[in-house]
Amino acid sequence: MRALALGIMLLGILTSCEKDFSNLDLPGVSPNFDTDVAYFKTFAKNVKLNSVQTNGLTTYQLGKYTSDVYGEEESYIVSQLALPAANPSFGLYSQEREVADDTLYYTIDEEETVTRVYLDIPYFTSATVDEDGNPVLDGFDVQTYELDSIYGNQDLTFGLRVEKLDYYLGDYQEPDFTEAAKYFSSDPTPNFLNYTSDILGDDDTFEINDGTLITFDEDDPETEDVDESEDVAEVLLPRIRIDLDTQFFQEMIIDQEGSSSFSSNANFREYLRGIVISTYNLNENLLMLLDISQANITIEYTYTTATEDEDGVIEYDDTNESSFTLGLSGNVIQKTTTNGFPVLDTSEDAELVYLKGTEGSMAEITLFEPDDIQMMRDENWLINEANLTFYVDRTDLDGAANELIEPNRIYLFNKDEESTPLIDYLIDSNGSTTSGNVFYNRFVHGGIIEKNDDGDAIQYKIRLTEHLNNIVRHDSLNVTLGLVVLSDITNVATGAAKVNAGAEEIIIPNGSTTNPSGTILYGSSATVPEDRRLRLEVFYTKPSN
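Residues numbered from 1 in each chain as written. Predicted model: local features only at pLDDT ≥ 70, side-chain atom pairs only at ≥ 80, totals over all residues. Heavy atoms only, no water.

> Explain the overall build of the protein chain here, please?
Across its full length, the protein chain holds nine helices and 29 strands. Looking at the protein chain as a whole, 45% of its 545 residues qualify as buried. Considering only contacts in the protein chain between residues 6 or more positions apart, those separated by 24 or more positions represent 78%. For the protein chain, the exposed surface amounts to about 26,600 Å²; the carbon and sulfur share of it is 45%. (Helix = DSSP H or I, 4+ residues; strand = E, 2+ residues; numbered from the N terminus. Buried < 20%, exposed > 50% of the residue type's maximum accessible area, 1.4 Å probe, protein only. Contact = heavy atoms within 4.5 Å. Areas by Shrake-Rupley, 256 points an atom, 1.4 Å probe, with all protein chains shown as cover.)

This is the structure we're talking about:
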């Protein structure tokens, strides 16, 4: 059975080759084939991303990070808030029932009172395992976790602040309001820090905690031989948690029960326009990547239980506890400022290629000189494998006393067509995550970091065999390619970026916008040593007669 399968596979390969070379038109003659490798000139150009679209992202940056190579980068987060449902009620009765008529004896007053309010933003985490792959548990037999996507000093004490936003974040783009709004990282207008009023929460000694938040059951006094307070009731993953102003949420939320401002999220976002989350007193590097879609504000409150008898007489019983949750959704924006970014060589044939995520830089890659493609077509080349290898400039990286976050991956895409993936990305048979690590998804297409024995990044190789075959054998256009840093290869959704002094918009992958890493690669200039120069490596087959 195996031999049959191999035979069918071989027949398919021979048939494919016969079709590829059918235009030789040599009846009765089977062509001989030569295989070889060739190297072709490739052009690399640096493009500075002056500002990037930062609404509609999957992750958001908070904090500050400085490197000798790319200078200082500082980010804060702006977010609208969302009701879980329209016209919420607090306690058991609606506000309409509670204030039906203050002159009537059956008016109900539940006396809802806010006792605590806090903002939760979970960190990205991975479960801790021992050397045998077994879960590492704490003293309560609860899984422990390691924090992911936090760069810099995790033991730092710093300030964390939450403020009320007074600027309305519209959903549509001015001036015609027909397209979805785009908010950019460093547009001077608006600077949302100038549009805040109330300080809702401020912790000047905030510290990152990698522990889970554990709550326990209440002890049942009727079971004297069992202490239920030792039983774990809920386990929450490690998170940012900061207490907020109870009086503000008493007046703005609980006391507004039944208000028309709560009739829809559109009305609510006009009424309470959002919050701004920022850090301060960061005297060392600390940058956090956060999933705001999992964040919320929890309002804990008490209310008095009220019941009516058959005659409509109200009786007040015990005080009860409840909670109400607001989500962080709608327009969520990352604002970033940069200082000390290097001046880039923007020639068509750069010696060094600067790749930096967020409000950083990318590269434009152009394959071939004018006559190369026609030569391959004339000689009937079949591309067996084509690679671009980008060598890391360790001289400049190691020569600086920097704390640069080097990318685990770089990503090549079709810049001329709305930044769509290359065909090699789309047909990579490794379309699912391997080894539980999304960074190694589509490893055949590549772009994954390669390191030396000292753990230093030395190169990134990207395979674009089918892209090149489409150009040579199927007359596809030799489009300009874009190159960016990208950690999660599965996230190739796109957004806008501003280049050329901020006037021109281009499309780039969102995954680059949320990536704080950067590197320096050798470019295509003749001044680069040949063994480090960017060239297109092509393994090919062509008929020899």
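> I would appreciate a short explanation of the nonpolar core in the present structure.
One recurring pattern in soluble globular proteins is that nonpolar side chains are buried together. Grouped together as the largest cluster of nonpolar side chains are 50 residues, with contacts concentrated most on Ile365 and Leu483. For this core, the leading source of residues is strand S20 (residues 382-391), giving five residues. Contact partners of Ile365, with chain neighbours within four places excluded, come to Thr42, Phe43, Ala44, Leu388, Phe390, Leu412, Val479, Thr480, Leu481, Leu483 and Leu534. Of all hydrophobic cores here, the second largest spans 48 residues; its members include Val114, Ile240, Leu272 and Tyr303. (Core = buried A, V, L, I, M, F, W, Y, C linked by side-chain atoms within 4.5 Å.)

> Looking at this model, I keep getting lost on the environment of Leu290. Mind explaining?
Within the secondary structure, Leu290 sits in strand S15 (residues 286-290). Taking C-alpha positions, Leu290 is 9.8 Å from Thr514, a pair spaced 224 residues apart along the chain. Those residues in contact with Leu290 that lie beyond four places of it in its chain are Thr58, Thr59, Tyr60, Leu62, Ile77, Ile121, Pro122, Tyr123, Phe124 and Ile240.

> Honestly, the sheet that holds strand S2 (residues 51-52) in this entry has me stumped. Any pointers?
Pairing between sheet strands relies on hydrogen bonds along the backbone, with the strands arranged either parallel or antiparallel. Pairing in this open sheet of three strands is antiparallel, and the strands run S2-S26-S27 from one edge to the other. Each of the sheet's edge strands pairs with one partner strand only, and the pair in question is S2 and strand S27 (504-509). Of the pairings in the sheet, the one linking S2 to strand S26 (residues 494-499) comprises two bridges and is antiparallel in character. The residue of S26 that forms the bridge with Val52 is Ala497. (Pairing = 2+ DSSP bridges.)

> I would appreciate a short explanation of the side chain of Thr128 in the present structure.
Looking at where Thr128 falls in the secondary structure, it is placed in the loop between strand S6 (124-127) and strand S7 (145-148). Accessibility expressed as a relative area gives 13% for Thr128, which makes it buried. Polar contacts involving the side chain of Thr128 include one to the main-chain amide nitrogen of Glu146, which spans 3.4 Å. (Polar contact = N/O pair within 3.5 Å; in protein donor to acceptor, adjacent residues only side chain to side chain.)

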